[in-house]
Every structure is written in structure tokens, then in C-alpha cells.
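Structural overview
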Amino acid sequence: MICRQKFLSLLLFLSLAIPCFTTEFDSPLFPAAQPPLVATRSAVLLDAETGTVLFSQNPSLVISPASLTKLMTIHLALRAIRTGKASENDIVALPPESWAENQPPRSSLMFLGRNQKVTLGELLLGMAVSSGNDAAVATALHLAPTMEAFVAMMNAEAGRLGLPSTRFTEPAGIAPENTTTAMDYAIFCKTYVHEHPESLTLLHSISTFAYPRAINTAPDLPRTIVQNNRNALLNRVSGVNGLKTGYIQEAGFNIALSAHRGEIKLIAILLGASNEEERDRDSEALLNWGFENFKILHPVADLLPTVRIWSGKEKYAALRITEDLRFTVSSRRAGIILIETELTPYLTAPLAEGTQCGELIISDEIGELRRIPLVLEKEAAKGNFFQVFIDSIRLFFQRHFGKK
């Protein structure tokens with residue numbers, strides 16, 4: 001039996017937001033406008049703040065990430081910089097394996113070569129903007145003693161992040177044996193942008209990258225090559241600030257996108273498009289649909305009730321919320337909401353701190369939007385013999401006759 005108590009608040013939220021597509025009538029993501037038709041084989045649209053999946057199409061289809069692989073290589077390099085194990089100003093040795101002339105045919109390149117002087121920061125730009133396979137190899141061999149050791153680092157990180165279908169065999173993305181899914185990579189990219197927000201401005205939004213320059217070579221300066229960012233949506237779709245494109249024949253055309261409008265942040269992963277036009281068209285349509293149809297609510301629940309504790313040293317105990325109150329809804333359900341609580345009856349001491357004692361329920365005129373656990377703020381100790389004896393009698397009558 002659950003005891004429902006009104007919780008003081010009828011709130012009008014004019015908050016900003018992010019959403020999700022579903023056909024269930026009572027879902028907080030319903031009703032939303034019908035999502036666009038997506039021709040790309042696999043796609044996921046994710047709310048980067050709340051983690052809500054807004055759209056998915058074949059999200060578990062295993063496909064090679066192609067050059068999206070480089071995001072994991074950049075991630076490990078940025079983490080090494082943040083922890084002091086490396087510096088963006090490190091001068092990186094360039095073994096022959098990293099030279100442009102030794103990369104596979106039709107490789108995207110930064111154009112590394114013998115006798116060049118390059119920093120780790122430049123290599124990161126070479127991967128993010130130019131998608132240089134040579135830059136990925138040089139970075140891997142700077143961070144690990146062997147390529148095998150760096151690949152082990154990549155796979156260990158995929159395991160730590162809980163990406164069951166993601167596995168790497170090399171750091172650049174040229175091998176079809178690298179595998180992922182749109183859902184795996186959406187989760188990874190959500191972590192990436194939260195952990196390295198500065199990378200969106202310093203790496204992924206950069207339009208062009210020129211290399212090598214006079215500072216990189218001496219005394220003979222080869223021709224400086226200026227390359228545009230491979231992500232064409234940077235200049236085409238409002239709010240796009242990253243992340244990476246990729247292509248190999250076995251996978252098709254892939255893209256990982258980060259986009260930000262106002263307070264709304266989205267991650268879009270599209271894998272296996274037939275061509276660049278299809279990939280970019282689907283990406284633009286999904287992002288616009290997400291921005292136009294969802295919001296994030298920011299409920300405030302600062303007057304939580306206390307809960308009755310039977311046979312306790314204290315008659316009532318304070319409660320706290322265990323989760324972030326922000327959540328994603330359809331923009332059509334972001335108006336007047338009601339906050340209530342359901343408290344568990346007949347709670348008897350002793351009870352440990354953190355014991356769930358009820359739920360906070362957030363609803364609108366259509367129905368329930370979300371339930372959030374309410375737990376004990378601190379331990380509820382058992383009372384003395386007299387308190388236990390009196391409450392046992394009271395509780396008997398409460399259970400059987402409904403008397404207080």
C-alpha cells in the first residue's frame with residue numbers, strides 16, 4: 001500500500017531543453033513531431049546533458065567506425081595531457097611508421113615526414129581537422145612504447161566506459177576490424193565532450209589546418225598544405241561544433257556530431273551512409289528535429305516532506321533526492337507540472353542511511369513524467385524499550401483499523 005501526499009508545488013517551467021522519440025502515449029517524450037526519414041543504416045541522437053536517447057535506428061548494428069576511431073586516440077592524448085603524463089608542447093619523435101609516405105594508399109594525411117619537428121598539440125589538430133592517419137600513428141607511439149600497447153589502452157578505455165561492441169586494432173581507423181555501434185559511440189562521445197569541452201573550440205571547430213610550416217622543418221621547407229575540416233556541417237548547421245567524419249569502403253560514410261543551441265546539447269552518430277550527401281542530409285535533419293521538439297525541465301524540490309519512522313529514536317526522518325532532477329521531455333509537455341510524493345508506509349527502525357522510503361513524482365496534465373527515489377538523509381536508529389513498545393501498539397491499530 002502506498003500513501004500519496006501532495007507536495008506543495010504547481011510549477012510553470014519555461015526552461016530550455018532536450019528530448020526523445022517514442023510512440024508510447026504516457027512517455028515524457030510524447031507527443032513529439034514525427035522524426036525525419038533516415039536513409040543511413042544506423043543512427044542515434046542523444047541528449048548530451050541527460051543521456052536521453054531521442055532517436056535510434058539500428059543502434060546495435062556493428063560497423064567499423066573508420067576515422068571516428070581517431071576520437072578515441074585524441075581522448076587518450078587529452079587525458080594524458082590533463083593528468084600530466086604528456087604536454088601539448090611535447091616534441092614528438094616521428095618514426096618511419098608515422099611518415100605520410102608509409103601510410104596505406106588513399107589515406108587522409110597530415111603529411112608528416114622525416115626531419116620534421118612537430119608538437120603533440122599539432123598532431124591533435126592534424127587528427128581533428130585533417131583526419132591524418134600519420135598523425136594518429138605518431139600520437140600512439142608517443143603515448144605508448146608500441147602500437148600494441150596503445151591499442152590495449154584504447155580497448156581498456158572502451159571497456160571502462162561500458163562499450164560492449166567497440167574494439168580497436170589500430171589508432172587511425174583504416175582497419176575494418178575496428179568495430180563499434182551507433183549507440184556505443186554516442187555514449188563514448190557524450191563522455192568525450194563532457195571530459196574535454198575545450199576540444200570543441202580548440203580542435204573540432206577549427207576550419208583549416210596548415211602543415212608543415214617553417215617552424216616544423218629545417219633547412220628545407222616542403223610546400224605547406226592547407227586542408228579544410230572534413231566536417232562540412234560545421235559551416236552549414238547552426239550550433240554544430242564537432243566532432244569527426246570517417247570513411248572506409250567496408251563501413252560507408254560515418255559521422256559523429258556535437259551540436260549546441262542555447263542550453264540544448266545534442267550528440268548524433270550516423271554510421272554506414274551510402275555517400276557524403278546522404279550522411280550530411282540525414283545528420284542535418286536529425287539535429288534540427290531534436291532541437292525543435294525537445295526540452296530539458298529543471299524542477300525544484302526544496303521542501304521535501306519528512307517520513308514517519310515507527311519504533312525509532314526519532315519519530316520523523318528527513319529525506320533527500322538521489323538523482324539529478326533535470327530530465328528531457330517533449331517540448332509539448334514542458335508547461336505546467338505537478339510535483340507529488342509517495343511515501344512508503346510502516347517504516348520501522350532501524351533503517352540505514354540511504355534506505356529508499358518513497359518517490360518524488362513529476363506529472364503534467366497528460367500523465368506521469370518521471371519518478372525519482374527518495375531516501376533517508378541519515379540513519380534512523382531504533383528507539384528505547386518504551387518507544388518500541390508504544391509504537392508497536394500504535395502500529396497495530398494503524399495497520400488494522402487505520403487509526404493514528
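Residues numbered from 1 in each chain as written. Predicted model: local features only at pLDDT ≥ 70, side-chain atom pairs only at ≥ 80, totals over all residues. Heavy atoms only, no water.

What follows covers the nonpolar core. The nonpolar side chains of a soluble globular protein tend to be buried with one another. Core analysis: the largest hydrophobic core is formed by 57 residues, its most contacted members being Leu123, Tyr185, Phe188, Cys189 and Ile269. With 24 residues, the next largest nonpolar core counts Ala334, Ala349, Leu374 and Ala380 among its residues. (Core = buried A, V, L, I, M, F, W, Y, C linked by side-chain atoms within 4.5 Å. Buried < 20%, exposed > 50% of the residue type's maximum accessible area, 1.4 Å probe, protein only.)

Scanning all chains against the criterion turns up seven aromatic pairs. Between Phe209 and Tyr211, the ring centres sit 6.2 Å apart and the planes meet at 15°, which makes this aromatic pair stacked. Both residues of the pair, Phe209 and Tyr211, count as buried. Measuring from ring centre to ring centre gives 5.1 Å for Trp289 and Phe294, while their planes differ by 75°; the resulting arrangement is edge-to-face. Clustering of aromatic rings is evident, with ring pairs tying together Phe55, Trp289 and Phe294. One cation-aromatic arrangement involves Arg308 over Trp310; the distance from NZ or CZ to the ring centre is 3.9 Å. It is Arg308 that lies over the ring of Tyr316; its NZ or CZ is 6.0 Å from the centre. (Phe/Tyr/Trp six-rings, centres within 6.5 Å; stacked < 30°, edge-to-face > 60°. Lys NZ or Arg CZ within 6 Å of the ring centre and 35° of its normal.)

Turning next to a nonpolar patch on the surface. Judged by side-chain polarity, Phe385, Phe389, Ile393, Phe396, Phe397 and Phe401 come together as a nonpolar surface patch covering roughly 670 Å² of accessible area. Tracing the backbone shows Phe396 in helix α8 (residues 385-401). (Patch = residues over 30% accessible without salt bridge, like charges linked within 9 Å, V, L, I, M, F, W, Y side chains within 5 Å. Areas by Shrake-Rupley, 256 points an atom, 1.4 Å probe, with all protein chains shown as cover. Salt bridge = Lys/Arg side-chain N within 4 Å of Asp/Glu carboxyl O. Helix = DSSP H or I, 4+ residues; strand = E, 2+ residues; numbered from the N terminus.)

A separate point is the packing of helix α2 (residues 120-128) against helix α3 (residues 133-143). It is at 9 Å that the axes of α2 and α3 come closest, and there the two elements cross at 140°. With respect to α3, the element α2 is oriented oblique. Here α2 and α3 pass one another in a crossing that is left-handed. The residues of α3 that touch α2, namely those facing Leu120, Leu123, Gly126 and Met127, are Ala135, Ala136, Ala138, Thr139 and His142. Along the lines of polarity and charge, the residues of the contact of α2 with α3 split into six nonpolar, three polar and no charged. (Axes fitted to C-alpha atoms, helices over the stretch in contact; angles between N-to-C directions. Parallel < 35°, antiparallel > 145°, perpendicular 65-115°, else oblique. Left-handed = near helix turned anticlockwise from the far one by under 90°. Contact = heavy atoms within 4.5 Å. Nonpolar A, V, L, I, M, F, W, Y, C, P; charged D, E, K, R; others polar.)

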